[in-house]
Amino acid sequence: MSSELIRLGDAPYPVTWSSCSITSLNANIPNFACLNSTNTASASMLNISDVMPGQVWNSQDQCKAALGPTYTPVINNQLCEQLKCNKARLYNPVNTHPALDGTYCKPDKWCIQGVCVAWAGAIALPSTQSAAWSQWEEGSCKESCVNNSIAVKPWIRECEGENVELSCSGIGPSAIYDNCSATVTTAQKCIAANIVPIETFAISVCNESNILDSSVSKDPYLYINIDEALACKVHCKAANSATTYLDVHETFPDGTPCFITGDVQQFCQGGVCSALAVSDGGWTAWTVSVSCDGKCQDETMQTPKKVYTRSCTNPPPANTGTTCQGANSNSSEICPDLKLCGKGWHTVPSSIATLLSIAFVLLLYQKHCHS
């Protein structure tokens, strides 16, 4: 079942049902007995609000919901009219449906009824969050199963934002790949029997692509050591042309040798062919790891201190880059205005404290009676 985008003159919304969808819907509606229910109590469970659906589910969410978790949106000028989604080993993107109303399409614009229009005049303007890098996330050291590859450990960060162009370029890279061949463990190494030539890897990709898309043949074309810009992207010959090579949106494994510039060997890193970058480590901002909350001064007069920590991961040191200088923790700040605890009294359970209070009252009563 699918929706077709059809312009119907001045129709307010350029979408109509396909004949296949109409036939399927009419055939199945009699089976949906729940539609005859007059009980509307469950409607509150839908949590319906005035928020545009595209603000609840962005284009990435819509592709995943329509086709699966491995699909990503194709961002273009036709996003509102027809949301296209793609995934690895697929040449032709899949048409899904017009993007949901409220889907971000351009700066200060969103999709309304299949058209990218300005926010101006909206009852409630969507919230925005400027694009910024997330924290660096450390991946695991891994050796691929392609001949002559090296083991690499990725450090990845994401460009995040809300209702803005997700562009953090110029502030630094989104990924750093560290050569970890010297420290790779046995578990992270590829079993020798599974190591294959790069051509064999490409053939397996083209075979799977051919199953998904008949316009792709089973024969690969390699740009390794031919075209630096395309070297890490798997290409397959078109089924109807021996001289047309299709990008099937699959890349060679990280650490695959791809190009040589002078005497510098370059490797595939996240689908990009480049030399391993030397990265000098940088400190993250200080954060409180031990606070003063709940602290008190004990009888030893040893005053608790607030502890701050930081890590050398902004960016991380990689490929012989220098590590950060200085300490990664600081506990010089004394917790202020602490009350004296007294040995053990601050941890006495409330039940015992109550019994002690009663005993103390009885003792006073006994002394009063004897006097």
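The structure under discussion appears in the preceding block.
Bear in mind the structure is a predicted one, so any value in this text is a computation, not a measurement.

Structural notes on the packing of aromatic side chains
Counted under the stated rule, the structure contains four aromatic pairs. Relative to phenylalanine 252, the ring of phenylalanine 201 lies with its centre 5.7 Å away and its plane at 45 degrees, an arrangement referred to as tilted. Residue phenylalanine 201 is located in helix 4 (residues 198-212), and its partner phenylalanine 252 is located in the loop between strand 16 (241-251) and strand 17 (257-261); the two are separated by 51 residues in the primary sequence. Each member of the pair, phenylalanine 201 as well as phenylalanine 252, is classed as buried. Members of the aromatic cluster, each reached through a chain of ring pairs, are Tyr221, Tyr223 and Tyr245. It is arginine 310 that lies over the ring of tryptophan 283; its NZ or CZ is 4.0 Å from the centre.

Points about the pairing of strand 18 (residues 264-269)
Looking at chain direction, strand 17 and strand 18 are connected through four bridges and run antiparallel. If you follow phenylalanine 259 over to strand 18, its bridge partner there is glutamine 266. Across three bridges, the pairing between strand 18 and strand 19 (residues 272-274) is antiparallel. Bridge pairing in strand 19 links cysteine 268 to cysteine 273. A loop of two residues connects strand 18 with strand 19, the two strands running antiparallel in sequence, and glycine 270 in this loop sits at a positive phi of about 60 degrees.

Brief notes about the side chain of glutamine 269
Within the element layout of this structure, glutamine 269 appears in strand 18. In terms of polar contacts, glutamine 269 uses its side chain to reach the backbone carbonyl oxygen of serine 274, at 2.7 Å. Within the local environment of glutamine 269, its side chain forms a polar contact with the backbone oxygen of alanine 275, the two atoms lying 3.4 Å apart. When near neighbours in sequence (up to four residues on either side) are disregarded, glutamine 269 contacts Tyr177, Asp254, Ser274, Ala275 and Leu276.

Regarding a nonpolar patch on the surface
A grouping of Leu25, Ile29 and Phe32 is seen on the molecular surface, where their side chains present a nonpolar patch of about 230 Å² in accessible area. For leucine 25, the position within the fold is in helix 1 (residues 19-28).

Comments concerning the state of the cysteines
For the structure on display, the rule yields 10 disulfides. Here cysteine 258 engages in a disulfide with cysteine 273; their sulfurs sit 2.1 Å apart. Measuring handedness by torsion sign, the sulfur bridge of cysteine 258 and cysteine 273 sits at about 95 degrees and is right-handed. One end of the pair, cysteine 258, is in strand 17; the other, cysteine 273, is in strand 19, with 15 residues separating them in the sequence. Comparing cysteine 258 with cysteine 273 shows no difference in burial state: the two are buried. Across the disulfide, cysteine 292 is cross-linked to cysteine 335 (sulfur-sulfur distance 2.0 Å). Every disulfide takes its handedness from the sign of the S-S torsion; for cysteine 292 and cysteine 335 that torsion is -85 degrees, giving left-handed. In this pair, cysteine 292 is assigned in the loop between strand 20 (287-290) and strand 21 (305-309) and cysteine 335 in the loop between strand 22 (329-334) and helix 5 (350-370), connecting sequence segments 43 residues apart.

What to know about the environment of proline 315
Mapped onto the elements, proline 315 comes out in the loop between strand 21 and strand 22. Taking relative accessible area as the criterion, proline 315 reaches 28% and is therefore assigned partly exposed. Once the C-alpha coordinates of proline 315 and proline 173 are considered, the two residues, 142 residues apart in sequence, prove to be 9.5 Å apart. Proline 315 has contacts with Trp136, Ile176, Ser279, Asp280, Gly281 and Gly282, leaving out every residue within four places of it along the chain.

Calculation rules
Residues numbered from 1 in each chain as written. Predicted model: local features only at pLDDT ≥ 70, side-chain atom pairs only at ≥ 80, totals over all residues. Heavy atoms only, no water. Phe/Tyr/Trp six-rings, centres within 6.5 Å; stacked < 30°, edge-to-face > 60°. Helix = DSSP H or I, 4+ residues; strand = E, 2+ residues; numbered from the N terminus. Buried < 20%, exposed > 50% of the residue type's maximum accessible area, 1.4 Å probe, protein only. Lys NZ or Arg CZ within 6 Å of the ring centre and 35° of its normal. Pairing = 2+ DSSP bridges. Polar contact = N/O pair within 3.5 Å; in protein donor to acceptor, adjacent residues only side chain to side chain. Contact = heavy atoms within 4.5 Å. Patch = residues over 30% accessible without salt bridge, like charges linked within 9 Å, V, L, I, M, F, W, Y side chains within 5 Å. Areas by Shrake-Rupley, 256 points an atom, 1.4 Å probe, with all protein chains shown as cover. Salt bridge = Lys/Arg side-chain N within 4 Å of Asp/Glu carboxyl O. Disulfide = S-S within 2.5 Å.

Geometry only, nothing functional implied.
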